[in-house]
Amino acid sequence: MNIKEDFPILKDGLVYLDNAATTQKPRMVIDAVKGFYEEDYATIHRGLYPLSVTATRHYEAAREKVAELIGVPSNNLIFTSGTTEAINLVAHGLVLKKGDEILLTPHEHHSNIVPWQEAAKKVGAKVIWCKLNGDLTLDVDDIKKKLTKKTRVLAITHVSNVLGTINPLEEIIPHAKEHDTFVLVDGAQAVPHMRVHARRLGCDAYAFSSHKMYGPTGIGALFLKDLSLVPLCTGGDMIDDVTQEGSVFAENEPRRFEAGTPNITGAIGFAAAIDYIEKIGYDVIHAHEEQLLRKTWKALEEQPRVHLLGPAPETHRRAGLITFTIEGAPPHDVAEILGRQNVCIRAGKHCAHPLHQYLKLDEGTNRVSFAFYNSEEDVNTLLGALQKVQEVFK
Ligand SMILES: *Cc1c(COP(=O)(O)O)cnc(C)c1O
């Protein structure tokens, strides 16, 4: 099985290892988008002519597919522009009040921090943070201690985009629900790599992005258990009626949160990306990425100047990404030198300033993140390039 052949951009030997930022697109997704524009494109939910009916059917079928992927009813699945918009929709849609506490973890991406800070500021709610253990995993006892009747929201990432750690939500969420806390899970780094069952997790909201799982940009999804939240965005298509005196919003339907003409083509491409993932199979994806992770971890662990962040894959469940620093080699220089050799890795703070602040890594770090199209050969190329970097910065 040569997966790389499915991805046009990878055909000339590009070693793409920045998959936690965004993933490349398989031919199947590109063709679905192109085919929709060429044959079925029209607006949805409005016209009565056959083309619009077909487009609507495709859009709603995409919603069903995304909902089914994470095991939730399609009526509770809202299309958004991505994880960031999904979290904003929840943070500003919940009616918070003065004195409410919002519990965050140092593993959060800025997308799961800033909207909460802003929502808290509006009403005088308070953002509080849990601690980490020595190996940088979440201190679950501290979370349990900080969950009280004042905790209105727990916003937590399923998989850290810096450490790759899979957080023990099965253990944490039931404690939050004991206090009637609203639980939002940021699934941007989970759904691309593993089977997620959002309803079984018991969360109130689950957000993720298409572009990190082989689909187009500009589309993502939010599972929302209770559809009575205040809509973040208002306008056409989200109303039942509008008069000069005021408007009546749609109730108990996802379109309540989808004002305006949505990203119809994006949804079609998103559905095709899910078809592609299901064709390969999560078992195959996970096993392959795990193998790449272990091989890379083991090789880097043996290099005295390389410092790896977080627990080893043997001791903690992880998704396929590794963040590290090389003594004496600034992260941006490392990424730039690798880039010149057609090896794409990330440098910086990965939209997680608080975690870098916690680790006192002001210069940032380097991150290598895998997708299932990466090969052992990619890993060898990476390791060779990192060797050369260390020679440059002797
Ligand atoms: C990428 C990412 C986001 C933001 O996703 P967008 O698609 O940019 O909205 C949020 N959380 C995590 C953990 C991420 O990796």
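The structure reproduced in this document is the subject of the present report. (Residues numbered from 1 in each chain as written. Predicted model: local features only at pLDDT ≥ 70, side-chain atom pairs only at ≥ 80, totals over all residues. Heavy atoms only, no water.)

### Side note on the overall build of the protein chain
Thought 1: From N to C terminus, the protein chain includes twelve helices and 15 strands.
Thought 2: Here the C-alpha atoms of the protein chain give a radius of gyration of 22 Å, agreeing with the 21 Å that 2.2 N^0.38 yields for 394 residues.
Thought 3: Taking the principal axes of its C-alpha atoms as reference, the protein chain extends roughly 70 × 55 × 35 Å.
Thought 4: Relative to its 394 residues, the protein chain shows a buried fraction of 55%.
Thought 5: When contacts within the protein chain are restricted to residue pairs at least 6 apart in sequence, those whose partners lie at least 24 apart make up 68%. (Helix = DSSP H or I, 4+ residues; strand = E, 2+ residues; numbered from the N terminus. Rg over C-alpha atoms; globule rule 2.2 N^0.38 Å. Buried < 20%, exposed > 50% of the residue type's maximum accessible area, 1.4 Å probe, protein only. Contact = heavy atoms within 4.5 Å.)

### Let's talk about the nonpolar core
Thought 1: Judged by nonpolar contacts, the single largest core of 74 residues is most densely connected at Ile70, Phe79, Val191, Tyr206, Phe208 and Phe270.
Thought 2: Per-element accounting of this core gives the leading share, eleven residues, to helix H8 (residues 264–280). (Core = buried A, V, L, I, M, F, W, Y, C linked by side-chain atoms within 4.5 Å.)

### Points about the pattern of salt bridges
Thought 1: The final tally for this structure, using the stated rule, is 20 salt bridges.
Thought 2: Ionic pairing is found between Arg294 and Glu290, a salt bridge with its closest N-O pair at 2.8 Å. Taken together, the residues span about one helical turn, with Arg294 and Glu290 both in helix H9 (residues 282–301) at a distance of four residues.
Thought 3: For Glu290, a relative accessible area of 23% corresponds to the partly exposed category.
Thought 4: What you see here is one network of salt bridges that share partners, running through Glu60, Arg63 and Glu258. (Salt bridge = Lys/Arg side-chain N within 4 Å of Asp/Glu carboxyl O.)

### Concerning unusual backbone geometry
Thought 1: In this model, Leu136 sits at a positive phi of 75°, which is unusual for a non-glycine residue.
Thought 2: Inspection of the secondary structure assignment puts Leu136 in the loop between strand S4 (126–129) and helix H5 (140–146).
Thought 3: Residue Leu136 is classed as buried on the basis of its relative accessible area of 12%.
Thought 4: Positive phi, normally seen in glycine, also occurs at Asp237, with a value near 75°.

### What to know about the site of the ligand
Thought 1: Close contacts around the ligand come from Thr83, Thr84, His109, Ser111, Thr157, Asn161, Asp186, Ala188, Gln189, Ser209, His211 and Lys212, and that covers them all.
Thought 2: Take Asp186: an N or O atom from its side chain is 2.5 Å from a nitrogen atom of the ligand.
Thought 3: Protein coverage of the free-state accessible area of the ligand, which is 390 Å², stands at 87%.
Thought 4: Split by residue class, the shell around the ligand holds one nonpolar, nine polar and two charged. (Near = heavy atom within 4 Å. Polar contact = N/O pair within 3.5 Å; in protein donor to acceptor, adjacent residues only side chain to side chain. Areas by Shrake-Rupley, 256 points an atom, 1.4 Å probe, with all protein chains shown as cover. Nonpolar A, V, L, I, M, F, W, Y, C, P; charged D, E, K, R; others polar.)

### With respect to the environment of Lys146
Thought 1: Along the chain, the position of Lys146 falls in helix H5.
Thought 2: Judged by its relative accessible area of 23%, Lys146 falls in the partly exposed class.
Thought 3: The spatial distance from the C-alpha of Lys146 to the C-alpha of Val33 is 46 Å, given a sequence separation of 113 residues.
Thought 4: Leaving out residues up to four positions away in the same chain, Lys146 has contacts with Glu101, Leu103, Ile128, Trp129, Cys130, Lys131 and Thr151.

Note that every value here comes from positions in space, so none of it alone points to a role or purpose.
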